[in-house]
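# Chain and residue survey
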Amino acid sequence: MIVEDIRRPPSLSAAVRLLADLGDDARLVAGGTAVVLMLRQRLLSVSTLVSLDSVADTRYRGIDVLDGHLRIGGGERLADVAAHPAVRGLLPAFAEACGAVGNVRIRNRATIAGNLAEADYASDPPAALVALDAQVDVIGPGGARRIPAAELFVGYYETALQDAEVIAGIEVPRPTRGVGSAYLRFTSRGSEDRPCIGAAAVMAITPGGRIEHLRVVVGAVADVPHLLPDVLADAAGRPAADEVFAEIGAGYARRIDPLDDERGSAWYRRRMIEVHVRRALAEAHRRAVR
Amino acid sequence: MNPMPDARDRVRGTLPMTVHLHLSGMLHAAVVRSPVAHGELRGVDATAAHAVPGVVAVLTAVDLPGPVPHFGDATDDQPVLATDRVRYAGEPVALVVAEDEHAAAAAAAAVELDVDVLPHVTDADEALAPEAPLVHPGGNVLRAWTLRHGDPEAALATADRVYDDVYESPPAAHVPMEPHVAAAEWTDEALTVWTSTQSPHVVRETLAAAFALPVEHVRVCALNVGGAYGAKVVTTIEPLAALAARHVGRPVRLRLDRAEVFHTLVKHAARVRIRTGVRNDGRIVARLIDVVWNAGAYATNSESAAGYGMLRAPGPYDVPNVAVTSTAVFTNTVPAGPFRGAMTSQLCWAYESQMDDIAADLGIDPVRLREINLLRDGSVYPTGEVMHDLHYDELLAVLRRELAAIDVEPVRPGHARGQGLALMIKSTLTPSHSECRLRACADGTYELHTASVEIGQGAHATLRALAAAELGTTPERVVVYQPDTAEAPYDSMTASSRTTFAMGSAVQDAARQVRQALAAGRTPPFEVIGSWTGDGGLDALDEHGQGPASTHWHQGGVAVEVDVDLETGRITVVRAAGACYAGRVVSPVRVAHQNEGGMIFALGPALFEELGLRDGLITNPNLSDYSLPSFRDVPRMRSAAVEAPGADLHGVGEMTVPPTAPAIGNAVRAACGVRLRRLPMHPERVLRAILERAEEVPA
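Residues numbered from 1 in each chain as written. Chains lettered and ligands numbered in written order. Predicted model: local features only at pLDDT ≥ 70, side-chain atom pairs only at ≥ 80, totals over all residues.

- Under the annotation held in an unreviewed UniProt entry, chain B carries the name CO or xanthine dehydrogenase, Mo-binding subunit and is attributed to Pseudonocardia thermophila.

- The name that an unreviewed UniProt entry assigns to chain A is Carbon-monoxide dehydrogenase medium subunit, with the source organism given as Pseudonocardia thermophila.

Structural data, given as structure tokens:
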């Protein structure tokens, strides 16, 4: 089927109404870097695209630093998020993840809302946002609701979004003093390849140098980003030391059943999980004590 | 003059290319392709395809008035549309012609094929087994070449040490940015084709043979080509466009999508067994090489290509006793064809990797071991030729100097660094022939018609500069026309690093004639034909591969430093130097672009490019799953060209491609002691090798 119509609603609520009316004949498009590829590859067939280019809602645009959190409009381009001083300063893991997606041409078009809604298992921002405990603001036919990032991704290219729901923006808790975060992306082929594995770590350190709180998420190795609270359960109170980071890396490697594909066998991915979880923790720790 | 006059338009996408062409009344074709690697074609149901609005025709082999045209290089074995048998997944089975591309694609997807699946074979060694499925009735060996020089078995038996290794290269994809595109138009019994090709005259001759036309009834035109790397040397989609246009009686264009490009032509996968006998002092006394090339399902140019491979197999060394067998084998895979550094990269990977292993085993520095054995002027090559104009000693010196001139960051903990280098020798297309037409105009300008194709390498700027220098005028007064076989006389192809030398020589010949005629008082307008011929080559060899193999020998080398992450196995090339023997440099900028571009191109097949196969199907025919080098993978680089006073011009398009992978492999060995013998050097393979080696070392 050929796309016959491109609609450009002026607001998120108008977009929701259009999507609800058109049903399966329509697909939402933001930057177009995923949807257009899918159309060209004939993986997707719709007659109408609902573009968010003209949406004027303030909550869909801009990056605001508020008291308890950062609010990032869903329509923000990945390149803009990656370059934003507040994101780079406060949420380096998120800046690193947004700056790692595709290449500069992709990042100049792709939006953060589009990236999350696509739920590509081999993308970077999802793991970082789950680690940072972000909340996803959604508007739909039933009104607005908020989904924790950890619950947004439910399978390969599948989210908890319901029909005609649109991501308006995200809120990420603002880290306090003694918190560091890092996202490490590992590509096993070309540098612009999708990741073989991505590891995100957020660590809070006590003044005495012990781990106060920890979130570690591994992406691109399975259907959804993996956060394993039980592997992290006894980390609190332990010294922020390389042996502890290595133990956690080994724990993640043991517990995840990784993919086996051109980017690496399951054996290799397991080893890379171990290495990159440890390295992400070490980097998050360096930033936490800085 | 700007050394790259088309660069700005090329980057912006504003350069005129075949895809921009619109012919009046032009229709669009789409190809229905075999979904299986090997099968009996029972029938084609086009009912649903005919019902798609805008469809003009659906064409299969049985719809043709006569037998289906076949085409090829030396052997016309490839049907334009499969008849009763499909031999690779992706083989064209039917054509849909429609008013627009969308309708054609939609209708092509609606064509249903009835195929009985047959057992298939995709690996060349397996295809040689007695019980292997036959790709063609005559057997799976397409062509076997042998070379014998001296008494290699006896010399191997008496050598102090013998090294016996197998090196493998997988199939890889060229991935030109511009996909294949061709438009065809018939008038009475004459055919005109516009196509993105490297070889207008090859396409012309192939089409004339396939459609039983006198060659003068076929006209082939090319515009700027958006990358080729060998993918557009042989005839590929032009017969499909011609067949569709003849059937509907209107001009038809066929433009491949990215997945189709992956299913059109690939790099020859190769398995190389190399046995080398060496004296304790480092002198190589014997070398026996057995190469098996995966030709895919049809011959294309693999018959001669395997012969060229045979000639290049021994490497740039003075070896008195040599035996080579070089065998091209049919399999149920996409036909293989020229791939920048063709029939050389796979061999250089073997002989230059083994060279460093020999050096380590003998305790000799790798550069010194090369110096002991290098071909020099007066050396006898294994073809029996006495070599001249060789410059490997200078290349070694230049490579080391240039690499050292590049600054690098200090090594980090957990990483290892190492340096490696490699040299290569490559014959050029021989025999080959180039002609051009040069017109002196009344207004003092000159018009140059050649079939040499501008692919972004700057061929036209080079030809223009050579003509202007010989004419004693400025390049601005010489206009170089795009290839059109109605105007441009014969040229073999824009490939094999031959254009600067072969067509350049023809242009210089023409310019000399014009200059002499002007001096003798002839009044413009008038025109001359310039020509150049290189004799010998494959046709001139005896049954032992002895004879004048190449017009001249291409010489190049690469030196690199790599960084290996010991926990992940990931290789980063941190600096690289590429050097070529250029004879006489026409443009230093364009030579540097070729040397640098060659190394960047070669990084992919060295480190991660590989076509995956499962059940006879390519698993990664798209740019998400087939990874390419990006600019973030490009090391700090330097380039150098060795020149010689009064020397021939040399093309330089491939000189750094073959040595890149073995230079990296040798650097990895120097960094962490592991030897990889299978490309690509994926981090997982490197890590496994590091771990295996660690276990061998007693605690």
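### Thoughts on the overall build of chain A
- If you tally the helices and strands in chain A, you get 12 helices and 14 strands.
- Its C-alpha radius of gyration of 19 Å places chain A within 12% of the 19 Å reference for a compact globule of 290 residues.
- Taken along the three principal axes of its C-alpha coordinates, chain A extends 60 × 45 × 30 Å.
- Buried positions account for 53% of the 290 residues belonging to chain A.
- For chain A, restricting intrachain contacts to residue pairs at least 6 apart in sequence, the fraction spanning at least 24 positions comes to 68%. (Helix = DSSP H or I, 4+ residues; strand = E, 2+ residues; numbered from the N terminus. Rg over C-alpha atoms; globule rule 2.2 N^0.38 Å. Buried ≥ 20, exposed ≤ 12 C-beta atoms within 10 Å, placed from the backbone. Contact = placed C-beta atoms within 7 Å.)

### What about the packing of helix α15 (residues 588-607) of chain B against helix α16 (residues 657-672) of chain B?
Residues and elements named next belong to chain B.
- Taken N-terminus to C-terminus, the directions of α15 and α16 make an angle of 50°; their axes are 8 Å apart at the nearest point. In terms of their interaxial angle, α15 and α16 are classed as oblique. Handedness of the crossing formed by α15 with α16: right-handed. Each of G598, M599, F601, A602, L603, P605 and A606 in α15 lies in contact with α16, whose residues at this interface are V657, T660, A661 and I664.
- A breakdown of the residues in the contact of α15 with α16 according to their chemical character gives nine nonpolar, two polar and no charged. (Axes fitted to C-alpha atoms, helices over the stretch in contact; angles between N-to-C directions. Parallel < 35°, antiparallel > 145°, perpendicular 65-115°, else oblique. Left-handed = near helix turned anticlockwise from the far one by under 90°. Nonpolar A, V, L, I, M, F, W, Y, C, P; charged D, E, K, R; others polar.)

### Structural notes on the pairing of strand β6 (residues 135-140) of chain A
Residue and element names in this part refer to chain A.
- Counting buried residues along β6, five of its six residues qualify, which places the element largely inside the surrounding structure.
- Summarising the sheet, β6 and strand β7 (residues 143-148) pair through six bridges and their orientation is antiparallel. The residue bridging V136 from the neighbouring strand is I147, located in β7.
- In sequence, β6 turns back onto β7 through a hairpin of two residues.
- In this sheet, strand β10 (residues 166-173) lies alongside β6 in antiparallel orientation, the contact comprising five bridges. By the bridge assignment, Q135 is partnered in β10 with E171. (Pairing = 2+ DSSP bridges.)

### Side note on the packing of helix α11 (residues 242-255) of chain A against helix α12 (residues 266-288) of chain A
Residue and element names in this part refer to chain A.
- Running from N to C, α11 and α12 point in directions that differ by 145°, and their axes come no closer than 8 Å. Two packed elements cross with a definite hand, and for α11 against α12 that hand is right-handed. Contacts between α11 and α12 involve D242, F245, A246, I248, G249, A250, Y252 and A253 from the first element and R270, R271, I273, E274, V275, V277, R278, L281 and A282 from the second.
- The class makeup of the residues in the contact of α11 with α12 is 11 nonpolar, one polar and five charged.

### Thoughts on helix α9 (residues 302-312) of chain B
All names here are of chain B.
- Judged by how many residues are buried, α9 sits mostly within the fold: 10 of 11 residues are covered.
- When we look at burial in α9, the residues that qualify are S302, S304, A305, A306, G307, Y308, G309, M310, L311 and R312.
- Tucked inside the fold, the buried residues of α9 contact β9 (141-149), β17 (284-296), β18 (322-330), β19 (336-337), α10 (345-362) and β20 (415-427).

### Some details on unusual backbone geometry
- With an omega of 0°, the peptide bond running from T430 of chain B to P431 of chain B counts as cis.
- Examined against the element boundaries, P431 of chain B turns out to sit in the loop between β20 and β21 (432-440).
- Cis geometry is adopted by the peptide bond preceding P525 of chain B, which originates at P524 of chain B and carries an omega value of 5°.
- Note on placement: P525 of chain B falls in the loop between α14 (499-519) and β24 (526-534).
- One non-glycine residue, A220 of chain A, adopts positive backbone phi at about 70°.
- Assignment of secondary structure puts A220 of chain A in the loop between β13 (211-219) and β14 (226-227).
- Note on A220 of chain A: 27 C-beta atoms within 10 Å, which makes it buried.
- Phi is positive for A212 of chain B, close to 55°, though the residue is something other than glycine.
- With respect to the helices, strands and loops of the structure, A212 of chain B is situated in the loop between α6 (200-210) and β13 (218-221).

### A look at the domain arrangement of chain B
Residue and element names in this part refer to chain B.
- Splitting chain B by domain gives domain 1 (26-118 + 176-228 + 231-262), domain 2 (266-377 + 386-428 + 549-696) and domain 3 (432-534).
- Centre-to-centre separation of domain 1 and domain 2, based on C-alpha positions: 36 Å.
- Facing the 19 residues of domain 1 at the interface are 19 residues of domain 2.
- Counting residues per element, the side of domain 1 that touches domain 2 draws most heavily on helix α8 (residues 258-262), which supplies three residues.
- Of the residues contributing to the side of domain 1 that touches domain 2, the split by class is nine nonpolar, five polar and five charged. (Domains from an automatic or database assignment.)

### A word on the nonpolar core
- Core analysis: the largest hydrophobic core is formed by 327 residues, its most contacted members being M203 of chain A together with V96, V97, A241 and V668 of chain B.
- Considering each element in turn, this core owes the most residues, 10 residues, to α12 of chain A.
- Not counting chain neighbours up to four residues away, the residues in contact with A241 of chain B comprise A29, A182, A183, A184, V193, V252, R253 and L254 of chain B. (Core = buried A, V, L, I, M, F, W, Y, C linked by C-beta atoms within 7 Å.)

### What about the sheet that holds β7 of chain A?
All names here are of chain A.
- Strand order in this open sheet of five strands is β4-β5-β10-β6-β7, and the pairing throughout is antiparallel. Two strands bound the open sheet, and with one partner strand each, they are β4 (63-65) and β7. Strand-to-strand twist across the sheet, computed as the mean angle between neighbouring axes with direction ignored, equals 20°.

### Examining the pairing of strand β12 (residues 197-205) of chain A
Residues and elements named next belong to chain A.
- The buried count for β12 comes to nine of nine residues, which makes it a mostly enclosed element.
- Side chains of β12 alternate between two faces, with I197, A199, A201, M203 and I205 and G198, A200, V202 and A204 buried alike.
- Two strands pair when backbone bridges link them, and strand β11 (residues 179-186) and β12 are joined in this way by eight bridges, in the antiparallel orientation. Within β12, the position partnered with Y183 by the bridge is A200.
- Where β12 meets β13, eight bridges bridge the pair, whose relative direction is antiparallel.

### Re the interface of chain B and chain A
- Counting from both sides, the interface comprises 19 residues of chain B and, opposite them, 16 residues of chain A.
- Considering each element in turn, the side of chain B that touches chain A owes the most residues, three residues, to helix α17 (residues 683-696) of chain B.

### Structural notes on the domain arrangement of chain A
All names here are of chain A.
- On domain assignment, one finds that chain A holds domain 1 (5-51), domain 2 (59-173) and domain 3 (179-288).
- The greatest single-element share of the side of domain 1 that touches domain 2, amounting to six residues, is contributed by helix α1 (residues 12-22).
- Residues that form the side of domain 1 that touches domain 2 fall into these classes: eight nonpolar, four polar and no charged.

### What to know about α14 of chain B
- Across its 21 residues, α14 of chain B extends 28 Å between first and last C-alpha, which sits within 8% of the 30 Å expected from 1.5 Å per residue.
- G521 of chain B, located one to two residues past α14 of chain B, shows a positive phi value of around 100°. (Expected span 1.5 Å × (residues − 1).)

### Description of the environment of G337 of chain B
Residues and elements named next belong to chain B.
- Turning to its location among the elements, G337 is positioned in strand β19.
- The spacing of G337 and G296 is 41 residues in sequence and 9.0 Å in space, taken between C-alpha atoms.
- Contacts of G337, omitting those with residues within four sequence positions, involve G230, V233, V234, L265, T300 and N301.

### Things to note about the environment of A56 of chain A
Residues and elements named next belong to chain A.
- Locating A56 in the fold gives a position in the loop between β3 (48-51) and β4.
- Residue A56 is classed as exposed on the basis of its C-beta count, with 11 C-beta atoms lying within 10 Å.
- Separated by 19 residues in sequence, A56 and G75 place their C-alpha atoms 9.9 Å apart.

### What about the sheet that holds strand β2 (residues 26-29) of chain A?
All names here are of chain A.
- Read from one edge of the open sheet, three strands run β1-β3-β2, paired in parallel fashion. Of all strands in the sheet, those with a lone pairing partner are β1 (5-7) and β2, marking the two edges. Looking at each pair of strands side by side, their axes are set apart by 25° on average, direction ignored.
- Along the sheet face, α1 touches β1, β2 and β3 and points at about 155° away from the line of β2.

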